[in-house]
Amino acid sequence: MDGFRFRCYPTEDQAQILRQWIGCQRFIYNAKVGEDRYFRRFAASALALTGTPIPIDQTYAQFKTDLTPFLADVPAVVLRNGAVRWKQAYQRFFKGLGGRPTIKTRHGRQSVWLTRELFAFEPIEAAPGHYRLLIGCGKFPVGKLAFTAHRAFEPPASLHISLDAGRWHVSFSNETATETPSETAIAERLQRLPIDQLQAATVGLDRGVATPVMTSDGQRLVASPAQQQRLAQKERRRKRWQRKLARRRQGGQNHAKARAQVARTYRYASDVRRDLAHKATRVLVDDPRYQVYALEALRVQSMTRRATPKPDPERPGHYLPNNAKAKSGLNRSILASGWGQFKTILHYKAARAGKLVVEVPPAYSSQECARCGHIHPDNRPSQARFVCQACAHHAHADHNAAQVIAARGARLVADGQVVEKPKKRCALKRTTVGPGEAEPAGLIPQTPVENALRRGRGNTTAPRSTKQEPRATSQRL
Ligand SMILES: [Zn+2]
């Protein structure tokens, strides 16, 4: 499957119509969420008496009333797709791929999902392989939507038009399956290589805060000087707008304007991150010397947690300094360097090229000597320098760490310990439950209301959350 995301440029009139479509689709989606919550909160036991399951369907006509005349101003397909999106989200939940659908807010990225009835890619005769994108239908014409296709594509069956921080995009995916060899097949092929060849074909990648990515042969993958300069400029700009935002009345026009400005500065940072991730991974995957990419299995979530408060033993109720401010600064730069995104992109590009990405245990990689393997905190006299206390090997600290990671990666492949990870963690797996079927009794409650309901019914053997062990004894609220 191949995904495309192109920038598009609606005119002011078109943008207004599209915003209306987005709003109405979201309205239907949220109405379905609300309806479902109502059923599960108030009608579940009554329905159970009659043996009727809680409906998970895509009907939406009940929401078109005298109170919602605005729904008549958009194509019915837009509304139906809102209900379909909700149903699809529910199916994802049933497969354990996500939470129950929740209310979509008016803030942040917004999108409308259009199916074939509402758009057409018309081939341009003068330019083969190029298309004109027409939006709308007879009763609701929008016209030709200008977009820039930066690579060749096949017209899809459906597409999303999205608005994020003032920018419009059209995105879709093609179902044409690209043949990629499985990860285990690649791992088995590489395992048969002699160890020295395998080591030469493995590149270690150390992801740091100052240098986003450092390779084991000393390449530094960083944002361009112009980008770095602009990032610093945007950071100053964001601070200024955030101060303004704090002073303005919530819900007012000027508050909304300041909010849009802040969003724009964040958008630039995320653009740079994505740009860097795409370019760096392309350089790495295209390099014929590399077959294996070793990364540290870093847990971004635990690293970005807030600093734990340290209680003062002498004065109860008071706390000792815990460098919370420094830690939140570090958190920001960790998130800013976009590790997760880098990893995801590297994974799929490597897989297409028949190459392998392995994640190695991260313990002491910054204190281990790449030459002799001596591990000691004294090996790091400063943030940037590495000097081995045993063999006097010295190097840039990130470079040394990348070499340690490369060695660990090669060992992992040689030992055949590259196991394919499950795609997504989930609390429970269900095999064949489709829409319209009742939920099984063992399903873990998700919302506070559901939790309260379950406990209220005396179903105390059900765990309260996915993080807790099931309790043996009963305990009432
Ligand atoms: Zn050493």
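Not measured: the values here are computed from a predicted model. Counting restarts for each chain: residues are numbered from 1 in the order of the written sequence. Per-residue local features are limited, in this predicted model, to residues with pLDDT of at least 70; the limit for side-chain atom pairs, both in listing and counting, is 80 or more; totals at the level of whole chains, interfaces and linings are taken over all residues. Heavy atoms throughout the structure, all of them, feed into the side-chain values; hydrogens and water do not.

Peer 1: Can you break down the overall build of the chain residue by residue, with the values?
Peer 2: Along the backbone of the chain there are 11 helices and 16 strands. By the convention used here, residues are in contact when the closest approach between their heavy atoms is within 4.5 Å. Within the chain, counting contacts between residues at least 6 apart in sequence, those at least 24 apart form 67% of the total. Surface accessibility follows the Shrake-Rupley procedure with a 1.4 Å probe radius. Residue values consider only the protein chains on display as shielding. Total accessible area on the chain is roughly 28100 Å²; 53% of this is exposed by carbon and sulfur atoms. Under the scheme used here, helices are H or I runs from DSSP no shorter than 4 residues and strands are E runs no shorter than 2 residues, and both carry numbers assigned from the N terminus.

Peer 1: Would you mind going over the side chain of Q25 in detail, with residue names and values included?
Peer 2: With respect to the helices and strands, the residue Q25 is situated in helix α1 (residues 12-50). A polar side-chain atom of Q25 sits 2.9 Å from a polar atom in the side chain of R85. Here a polar contact is taken to be a pair of N or O atoms separated by no more than 3.5 Å, where protein atoms must pair a possible hydrogen donor with a possible acceptor and residues adjacent in sequence count only if both atoms sit in side chains.

Peer 1: Describe the packing of aromatic side chains, with residues and values.
Peer 2: Here the aromatic set is Phe, Tyr and Trp, taking the six-membered ring for Trp, and pairing holds for ring centres within 6.5 Å; pairs whose planes are under 30 degrees apart are stacked, those over 60 apart are edge-to-face, and all others are tilted. Counted by the stated rule, this structure contains 22 aromatic pairs. Relative to F153, the ring of F147 has its centre 6.2 Å away and its plane inclined at 65°; by these criteria the two rings are edge-to-face. As far as burial versus exposure is concerned, F147 and F153 are alike and both buried. Following the ring pairs from residue to residue traces out a cluster consisting of F4, F6, F119, F121, Y131, F147, F153 and F172. Three labels apply to residues, based on accessible area from a 1.4 Å probe with only protein chains included: buried if under 20% of the type maximum, exposed if over 50%, partly exposed otherwise in between.

Peer 1: Kindly report on the confidence of the model for the chain, identifying the contributing residues and their values.
Peer 2: Looking at the chain, pLDDT values average 82 and 81% of them are 70 or higher. What pLDDT expresses is the predictor's confidence in each residue, scored from 0 to 100. Within the model, pLDDT remains below 50 along residues 425-445, and this stretch shows 36 contacts once partners closer than five positions in the same chain are excluded.

Peer 1: Talk me through the pairing of strand β2 (residues 110-115); I want residue IDs and the actual numbers.
Peer 2: The buried fraction of β2 is high, at six of six residues. Across the two faces of β2 the burial is the same, with Q110, V112 and L114 and S111, W113 and T115 all buried. Criterion used throughout: strands pair if DSSP finds at least two bridges between them. In the sheet, β2 pairs with strand β6 (residues 158-164) via six bridges, with the strands oriented antiparallel. Of the residues in β6, the one forming a bridge with W113 is H160.

Peer 1: For the coordination of the zinc ion, give the residues involved together with the corresponding values.
Peer 2: Geometry sets the ideal angles at a metal, namely 109.5 degrees for four tetrahedral donors and 90 or 180 degrees for six octahedral donors. For Na, K and Ca the donor cutoff is 3.2 Å, while for all other metals N, O and S atoms must lie within 2.8 Å; water is not among the atoms, so some sites may look incomplete. Summarising the metal site, the zinc ion is bound by the protein donors C369 (SG), C372 (SG), C388 (SG) and C391 (SG), whose distances to it range over 2.2 to 2.3 Å. In these descriptions, tetrahedral denotes four donors with every angle between 85 and 135 degrees, square planar four donors and octahedral six donors with opposite donors over 155 degrees apart and the rest between 65 and 115, and irregular any other case. Given four donor atoms and angles of 106 to 111° at the metal, the environment of the zinc ion is assigned as tetrahedral.

Peer 1: Describe the environment of R5, listing the residues and the values that go with them.
Peer 2: Structurally, the position occupied by R5 is in strand β1 (residues 2-9). When its relative accessible area of 37% is taken as the criterion, R5 is described as partly exposed. R5 sits 155 residues away from H160 along the chain, and the two C-alpha atoms are 9.3 Å apart. With residues up to four places along the chain from it excluded, the contact list for R5 reads H150, H169, V170, S171 and R274. Within polar-contact distance, the side chain of R5 engages the side chain of H169 at 3.4 Å.

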